[in-house]
Amino acid sequence: MQQMGYKLNQPSLVVKELPLLCLAAILAGIGLMLIYSATSPMGDAGRTYVIKQVTWCSFGLVLMSIFLLFDYHVLERWAVWIYIIVVVALIAVWGVGKVTAGSRRWIELGLMRFQPSEFAKLAMVIVLAKYFQNRAGREGSQLGEIVQALMLTAVPFCLVLIQPDLGTAGVIVLISLSVIVFVVANKKILLWAGGVFLGLLPIVLLVGDRLLLDYQKRRLLTFLNPDYDPLGAGYHIIQSQIAIGSGGILGKGFLKGTQNQLMFLPVKHTDFIFSILAEEWGFIGCMVVLLLFTILFFRGFGIAGKSKDNFGAILAFGCTALLFWHVVVNVGMVMGLLPVVGVPLVFLSYGGSSLLVSFLAVAILVNVSMRRYSY
Amino acid sequence: MAELPTREHFRDRIDLRVRIAIILMTLFMSVLAAKLWHLQLIQGDAYNEKSDSNRVRLARLTPTRGRILDVKGRVLAENTPSFVLSIVPGELEKPAELIQAYAPILGITPERMRNSIERSRSLPKYMHYPIKKNMSLEEVSLVRSRMSESRGVLLEVKPLRLYPGQDNLCHVMGITGEISQDELAKASRVGYQTGDYLGKTGIEKEYEGYLRGEEGWEQVEIDAKGRTLATMARKLPKNGADVILTVDSAFQRFVEEVFIHRAGSVVALDPDTGRVLAMVSKPGFDLNLFSPSISERQWKTLNSDALHPLENRATRGLYSPASTFKVITALAALSEKVITPDKKFVCKGQLELGGQVFRCWNPYGHGKVDLHRGLVESCDTYFYELGLKLGPDRISKYASLFGMGAPTGVGLPQELPGLVPTSAWKMRTYGDSWKDGETLTVAIGQGYLVCTPIQLAVMTAALSNGGKVLKPSIVSQIVAADGTTVFNHSPVVRWDIPVDPYHLSLLDSALVDVVADKRGTGKRCRIPGIRVHAKTGTSQVIRVKQRTKEEDQIPYHERTHAMFIAYVNDRPQKIALIIIVEHGGGGGASAAPLARKILARYYGVPDPGDPED
């Protein structure tokens, strides 16, 4: 076992990862600004959202700093427990959870509200890293191991799906598949899996039709045809596209977005925050944010490649995948490329659980990176 | 290390796959960037046009406020349409031009309009903020002709509260008004916004939750000129419930008109159910003055009036019950067995105690007085003696038993509890022990003892119904907008006073003789054929130094309050009635005739007039 010291092994390496930490802080700062703008039409009531998000931000920064004091292998020791706690929390949501917009997602803990499904994504990454660290040989993992890993994924996936929260469930699967496909599976299995996937697709679509709830189906349908339901979810896509498109190159300016200021879009400070960015800051603003994200992903994958051990590599890859899929699914959804499934935009969307998970993912990346020379 | 070889094998592969991952990631991000390019740069102009022309406005659909009806279904408060000019803060473009164009035709000063616009900025930008309410038809047509030139202005039809009875039942009904910042901050006022109306006093306040109903909303798409293109989503409002009072407004009106004096209160209860039959507080005011809002000048006049016309004396006026309280002292003395009904005391027109002289109202004295005569002729000396035997705490015990010292729960806002003094209370409040002289004043219903007219009415009802202290009620029914009855009054007996029926019957016959006996103080309330029980009272406002002056020579504010309690309980239609005439002189002289007129009207008999002396 390597040292698990509470001391910083190579303090200079924290400095080396300072740009990554700054990136996270800058993104969170942009998020605050956008939330301020998105909630400003609500008048005084909107301020409380900003204040809450500032609180979560500071909490996230503190949590991140504390985590950096520990060697990331602490996660290896606790992996199973983290997984169990998240699964229990996901079950507990049924008992003590709060219902919002027809879905049970929240657990109230004193002053804070947690969304266990957000933490489930991170737990998935940790438990997969633990599971595969000694199984990832030259030939890659065998079919049996991959099936077991998929079963590990299935438990939180199903629990989140029945909340029902299609978006988060989808992201959990995307994260697991990314880890399996890119890190551990061998070539033969990948080819097989590709063939089976194409074969099963029609059956999945048929069963999905039976399995999905009304509003989820409607959302998928409106994705295919936004005019299908002008009062329902399609309305969001149309209005969001108008907001984004009308932003043009330079945008309408801070607090000047007419779609934002006049429109009644209930989730614009959460899932549709990107449309505010696009409307008020235009193409330039969006490209800056997308570029920041891309730098973050580059750095994340780089850390995965250079990590000193399998656990760290898989962990770093998984965390990067987590952040990446959120950005792709959310931005794709807001622009009308993907169905409206309700996935937050990491760092930018309003919401404490999502913000904490984003900070923690970056903290894991930094942690893996700064301990890569210590044996 | 055991896992080192594996790690190296793994490293070969992961290097390659991480590279593939980075390439795929870049690809995905490029797709996003491309779509963004397409939306913002290629289709940007088209979307910009759409965003200019296509806006969504959220309109609140205000529910119609419930009406207030009397027991016979007569409308006491209803709603009438009125025009309101509002601004939508988010659409306002040139406030200065707007002020210039609209302030003159609306008849409001530019400063006031600027203030309104300033205040509207704290609201959600798609909401409406009213700047002129209750517009005249001329104003409406002037505004209409200008509407197309200015953005962010909205003409709406809103209901206005109307009170057909004007000052009829004004204190009971209460007024509505614009919500204040303090009220907005209260958790119970969630869902209200600046500019909203809510009940401020009376029934309008107490039953706000029923009267208001549930707000709805409507999401409408509008074009650049503010025209509605389509309704996108809507939740219909639920109208407020009607509140039906226990009062017959015709009887109430009669009582109000009989009350010719400047100030005072009348309360009539059904002694078996506690239903309020009439509740008058004088002086009053026209409720319509406050709808939609009172002018500053009128407000100043009403608010600075020395007679406090806005105050509901029936629930908030504090008076010494004076001699009407002697009934309670008598019952206390009988129940506590400090006297027998036949026990006589000698009245010499005054009683000396500790060097102080306590006068009876009759300076010549009543001679030998027993319980019956004591009550009928209201001999003060007799009750001084009872007071001395009882002590303060046994008197206050019975005052409390009859419901004094605590709000009756009639269901009107800010009812006062009054005060029932005890020796412990005096020690707590003044840090001084109770004096015997104070017992004497309390025994005849003066001194520290004060109560509200509604408490006096509850006491009178308890004498009438055999000792049941009822919770009086002014609301008989609440009927929701869909016709279902959500509240139906049933009598609530708060407690039974433990009292010997024989003692009550003694009081009963004495109170009949107050009216029937030729020496009775309440003989001016005599109505042939109706067995009226009554007790008079004359409440001193200032300490009497000399009694030489005639009533009309005393300045108004030094004159005594005239008190009168009465009940009729041997008919199917019962009543407990109390009258307080502020500075009206003697209870027997000025309040009793009013009671006679009210009772005669209640029983549908002609007013027999004052009996000859």
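Residues numbered from 1 in each chain as written. Chains lettered and ligands numbered in written order. Predicted model: local features only at pLDDT ≥ 70, side-chain atom pairs only at ≥ 80, totals over all residues.

Draft legend 1. Layout of the overall build of chain B. Assigned secondary structure in chain B consists of 21 helices and 23 strands. Considering only residue pairs separated by 6 or more positions, chain B has 73% of its internal contacts joining residues 24 or more positions apart. (Helix = DSSP H or I, 4+ residues; strand = E, 2+ residues; numbered from the N terminus. Contact = placed C-beta atoms within 7 Å.)

Draft legend 2. Layout of the overall build of chain A. Scanning chain A from N- to C-terminus turns up 14 helices and 3 strands. The contacts in chain A between residues at least 6 apart in sequence include a share of 71% that link residues at least 24 apart.

Draft legend 3. Structural detail: the packing of helix α13 (residues 310–334) of chain A against helix α14 (residues 352–370) of chain A. All names here are of chain A. At a closest axis distance of 9 Å, the pairing of α13 and α14 adopts a crossing angle of 150°. Between α13 and α14, the crossing angle belongs to the class labelled roughly antiparallel. Judged by the twist between their axes, the crossing of α13 over α14 is left-handed. Facing α13, whose interface residues are Gly312, Leu315, Ala316, Cys319, Thr320, Leu322 and Leu323, α14 presents Ser358, Ala361, Ile364, Leu365 and Val368. Residue composition of the contact of α13 with α14, grouped by class: 9 nonpolar, 3 polar and no charged. (Axes fitted to C-alpha atoms, helices over the stretch in contact; angles between N-to-C directions. Parallel < 35°, antiparallel > 145°, perpendicular 65-115°, else oblique. Left-handed = near helix turned anticlockwise from the far one by under 90°. Nonpolar A, V, L, I, M, F, W, Y, C, P; charged D, E, K, R; others polar.)

Draft legend 4. Region of interest: the sheet that holds strand β11 (residues 264–269) of chain B. Residue and element names in this part refer to chain B. Overall, antiparallel pairing links the 5 strands, which are arranged β12-β11-β23-β22-β21 in an open sheet. Of all strands in the sheet, those bounded by a partner on one side alone are β12 (276–282) and β21 (533–539). Here the strands of the sheet are splayed against their neighbours by 5° on average, with no regard to which way each runs. Bridge count between β11 and β12: 6 bridges; the pairing is antiparallel. Counterpart to Val266 in the pairing with β12 is Val280. Together, β11, β22 (561–568) and β23 (575–581) form the strand contacts of helix α19 (residues 453–464), whose direction differs from that of β23 by roughly 145°. (Pairing = 2+ DSSP bridges.)

Draft legend 5. Main features of the confidence of the model for chain B. Residue and element names in this part refer to chain B. Per-residue confidence for chain B gives a mean pLDDT of 86; residues scoring 70 or more make up 92%. When pLDDT is averaged over each element of chain B, α19 comes out on top at 96 and strand β1 (residues 55–61) at the bottom at 69. Between residues 1–5, whose pLDDT stays under 50, and residues either more than four places distant or in other chains, the model counts 2 contacts. Listed scores for the predicted complex are pTM 0.61 and ipTM 0.88. (pLDDT = per-residue confidence, 0-100.)

Draft legend 6. Structural context of unusual backbone geometry. Residue and element names in this part refer to chain B. In this structure, Pro283 follows Lys282 across a cis peptide bond, with omega equal to -5°. The residue Pro283 is located in the loop between β12 and α11 (296–304) in this model. Phi is positive for His308, close to 50°, though the residue is something other than glycine. By the secondary structure assignment, His308 is in the loop between α11 and α12 (313–316). Among the residues examined, His308 registers 16 C-beta atoms within 10 Å and is labelled partly exposed. Backbone geometry places His583, a non-glycine residue, at a positive phi of 50°. (Buried ≥ 20, exposed ≤ 12 C-beta atoms within 10 Å, placed from the backbone.)

Draft legend 7. Representation of helix α13 (residues 326–335) of chain B in the model. Burial runs high along α13 of chain B: 9 of the 10 residues are buried. Phi for Lys337 of chain B, located one or two positions after α13 of chain B, is positive at around 55°.

Draft legend 8. Looking closely at the packing of helix α4 (residues 73–96) of chain A against helix α5 (residues 116–132) of chain A. Residues and elements named next belong to chain A. Following both chains from N to C, one finds α4 and α5 inclined at 150°, their axes separated by 8 Å at the closest point. Classed by the angle they form, the pair α4 and α5 counts as roughly antiparallel. Pair α4 / α5 crosses with left-handed handedness. Between α4, through Leu75, Glu76, Ala79, Ile82, Tyr83, Val86, Ala89, Leu90 and Val93, and α5, the contact on the second element is made entirely by Pro116, Ser117, Phe119, Ala120, Ala123, Ile126, Val127 and Lys130. Across the contact of α4 with α5, the residue classes break down as 14 nonpolar, 1 polar and 2 charged.

Draft legend 9. Fine view of the pairing of β12 of chain B. Most of β12 of chain B is tucked away, with 7 of its 7 residues classed as buried. Counted along the chain from β11 of chain B to the antiparallel partner β12 of chain B, the turn is 6 residues long, and its residue Gly274 of chain B has a positive phi close to 80°.

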